[in-house]
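# Residue-level structural notes
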Amino acid sequence: MNMMHIILYAIVPILVVMLAGFIAGKKGAFSGDDAKKFNKVVLDFALPAALFVSIVQADREMLAKDLKLTLISLVVIMACFMMVYFIYKYCFKKNTGADAAIMALISGSPTIGFLGFAILEPIFGTTPAVALVVAIVGIVVNAVGIPVGLSLLNAADETIAERTGHKKESAWKPVIHALEQPVAWAPILAVVMVLCGIKWPAYLSPSFDLIAKANASMAVFAAGITLSAVKVTLNWQVILGSILKMIVMPAMLLIAGLLFHMDPMNLKMLVVAGTLPPAFSGIIIASEYNTYVADGTSSLTLSVILFMGFCPLWIWLTDVALAAF
């Protein structure tokens, strides 16, 4: 795979649009609250539309082929999620269980919903296979990771509820809430339709495509605004979070994919998905609970910068590994 193509068509556009959002935020054209509104448009409308339309164009054979992708994504990403949680809970004395839960939501999850299509499509093309990778990883992050993280957060420290005015929730409430979100149920509905053999009329797609095309650009621009509103500080917890996200997660995905003989193209897309910066949703939750905001945001910012170099590096390493095996 041509590295110059990856840099020019996937990395540079992300930098340019994110820089535009960063400058807009610094100049006061948009605020952090505006970024949250943009993110809501992405998560509730643009991304679900993009996932739904792309997946319903697949077939049963493609879904069967992606079963291994689903299982490896679920096991490895959640293993990384829990690893981050335990490291930050037990290796840093000053951290509470709530701090560890926030860091797991950040450095234990890739921001697949915001940057998935923006990165994968320029590299691998606009295909149903790309959409399925984004959908599968997105479901793991949003329908499994976030509920687990919220359950750990609520169980860690009851004073959080008192401090923020939140009532302590049951363990199942975050799961149900996550599945109610369009970004979770839209791809699930599309998969059910494909499995049932329900054909999607081609003339309906343009009605979804218009909002779907706003997904990548709006998400990246909003990320720039978010970064402009935070003060970055470097310490060992921040650096470790970036290492766990940018090195450990893609390495574990690559090793698991090779061991279980994943389809080479699916493996390459999954490794790139695992290399994506930490989930922005973790920062939103951290702000809502006023927990671990500074270090979490700093780790996110550092990872975004490192991603520009690690993305082509992991693609090259995956090609080398596949050739060796």
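The preceding data block contains the structure.
### Examining the packing of helix α6 (residues 112–124) against helix α12 (residues 214–228)
It is at 8 Å that the axes of α6 and α12 come closest, and there the two elements cross at 120°. Classified by the angle their axes make, α6 and α12 are oblique. Both α6 and α12 take part in a crossing whose hand is left-handed. Facing Gly 113, Phe 114, Leu 115, Phe 117 and Ala 118 of α6, the residues of α12 in contact are Asn 215, Ala 216, Ala 219 and Val 220. A breakdown of the residues in the contact of α6 with α12 according to their chemical character gives seven nonpolar, two polar and no charged.

### What to know about helix α13 (residues 236–259)
Given 3.6 residues per turn, any residue in an α-helix points the same way as the ones three and four places further on. Between its terminal C-alpha atoms α13 stretches 32 Å, which fits the 34 Å expected from 24 residues at 1.5 Å a residue. Where α13 bends most, at Leu 244, the angle is about 30°. Capping the start of α13 is the job of one residue whose side-chain oxygen sits 3.0 Å from the backbone nitrogen of Gln 237: Asn 235. One or two positions beyond α13, positive phi appears at His 261, with a value near 55°.

What counts, and at which threshold
Residues numbered from 1 in each chain as written. Predicted model: local features only at pLDDT ≥ 70, side-chain atom pairs only at ≥ 80, totals over all residues. Heavy atoms only, no water. Axes fitted to C-alpha atoms, helices over the stretch in contact; angles between N-to-C directions. Helix = DSSP H or I, 4+ residues; strand = E, 2+ residues; numbered from the N terminus. Parallel < 35°, antiparallel > 145°, perpendicular 65-115°, else oblique. Left-handed = near helix turned anticlockwise from the far one by under 90°. Contact = heavy atoms within 4.5 Å. Nonpolar A, V, L, I, M, F, W, Y, C, P; charged D, E, K, R; others polar. Expected span 1.5 Å × (residues − 1). Bend = angle between axes of the 7 residues up to and from the residue. Polar contact = N/O pair within 3.5 Å; in protein donor to acceptor, adjacent residues only side chain to side chain.

These results come straight from atomic positions and should not be treated as a statement about function.
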